[in-house]
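# Fold and contact review
Here is what each chain is made of, one letter per residue.
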Amino acid sequence: MIDPTIACFREEFDRFFSLIEKQIDVCPDSLWKQNAGGYPFWQQMLHVIACVELYALQEGEASRQTRYDESVVMLSRLPQKEMSKEDMRSLACDMKELAHAFIASQTTASLT
């Protein structure tokens, strides 16, 4: 049986992440490429999605996001080429899988 605290944690993650996935799906192409706050919308989505690894990757495990270097992911510089919605959806799927594995490995005791 899953720990109720961990189940709540997963439910909240899923609720948040579904909003991110929905934004990818409904974002018009014109907004996808548009700069806001110095970076294109898609790059800001990349940042949010890829940062799941900061919490969920095990020490020494390789990043699943290999298209852009850390400076692009962490909004330190603009990339040469934009990421397509299809590639973003694929990355989001990978990050969700990673987060679910991490959450499943936790207990209330491991979180304190």
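The structure under discussion appears in the preceding block.
Fair warning: this is a prediction, and the values are worked out from it, not measured in the lab.

Below, the discussion takes up the nonpolar core. W32, L46, I49 and M88 are the most contacted members of the largest nonpolar core, which totals 27 residues. Of all the secondary structure elements, the ones that give two or more residues to this core are helix 1 (4-26), helix 3 (41-50), helix 4 (52-56), helix 5 (70-73) and helix 6 (85-104).

Moving on, we get to helix 3. Most of helix 3 is tucked away: seven of the ten residues are buried. All buried positions along helix 3 are accounted for by F41, W42, Q43, M45, L46, I49 and A50. At its buried positions, helix 3 is contacted by helix 1, helix 2 (29-32), strand 2 (39-40), helix 4, helix 5 and helix 6.

Let's shift gears to the pattern of salt bridges. Applying the stated criterion across every chain yields a total of eight salt bridges. For K85, the salt bridge is made with D29, and the minimal N-O distance between the two is 3.7 Å. With K85 in helix 6 and D29 in helix 2, this residue pair connects regions lying 56 residues apart in the sequence. With relative accessibility at 14%, the residue K85 sits in the buried group. For R67, the salt bridge is made with D87, and the minimal N-O distance between the two is 2.6 Å. Taken together, the positions of R67 in the loop between helix 4 and helix 5 and D87 in helix 6 put the pair 20 residues apart, joining distant regions of the chain. Overall, the relative accessible area of 42% leaves R67 in the partly exposed class. Residue D87 is classed as partly exposed on the basis of its relative accessible area, which comes to 26%.

Let us look at the packing of aromatic side chains. Under the definition given, this model contains four aromatic pairs. Plain terms: the ring middles of F13 and F17 are 5.1 Å apart, the flat faces sit at 20° to each other, and that makes the pair stacked. Of this pair, F13 and F17 both sit in helix 1, separated by four residues, roughly a single helical turn. For the pair F13 and F17, a shared accessibility class is recorded, and that class is buried. Measuring from ring centre to ring centre gives 6.4 Å for F16 and F17, while their planes differ by 65°; the resulting arrangement is edge-to-face. Taking the relative accessible area as the measure of exposure, F17 reaches 1% and is therefore buried. Members of the aromatic cluster, each reached through a chain of ring pairs, are F13, F16 and F17.

This paragraph deals with the environment of M83. Residue position: M83 is located in the loop between helix 5 and helix 6. The exposure class assigned to M83 is buried, which follows from its relative accessible area of 3%. Taking C-alpha positions, M83 is 9.3 Å from K33, a pair spaced 50 residues apart along the chain. In contact with M83, other than residues within four places in its own chain, are W32, W42, L46, R67, Y68, M88 and L91.

Parameters at a glance
- Residues numbered from 1 in each chain as written.
- Predicted model: local features only at pLDDT ≥ 70, side-chain atom pairs only at ≥ 80, totals over all residues.
- Heavy atoms only, no water.
- Core = buried A, V, L, I, M, F, W, Y, C linked by side-chain atoms within 4.5 Å.
- Buried < 20%, exposed > 50% of the residue type's maximum accessible area, 1.4 Å probe, protein only.
- Helix = DSSP H or I, 4+ residues; strand = E, 2+ residues; numbered from the N terminus.
- Contact = heavy atoms within 4.5 Å.
- Salt bridge = Lys/Arg side-chain N within 4 Å of Asp/Glu carboxyl O.
- Phe/Tyr/Trp six-rings, centres within 6.5 Å; stacked < 30°, edge-to-face > 60°.

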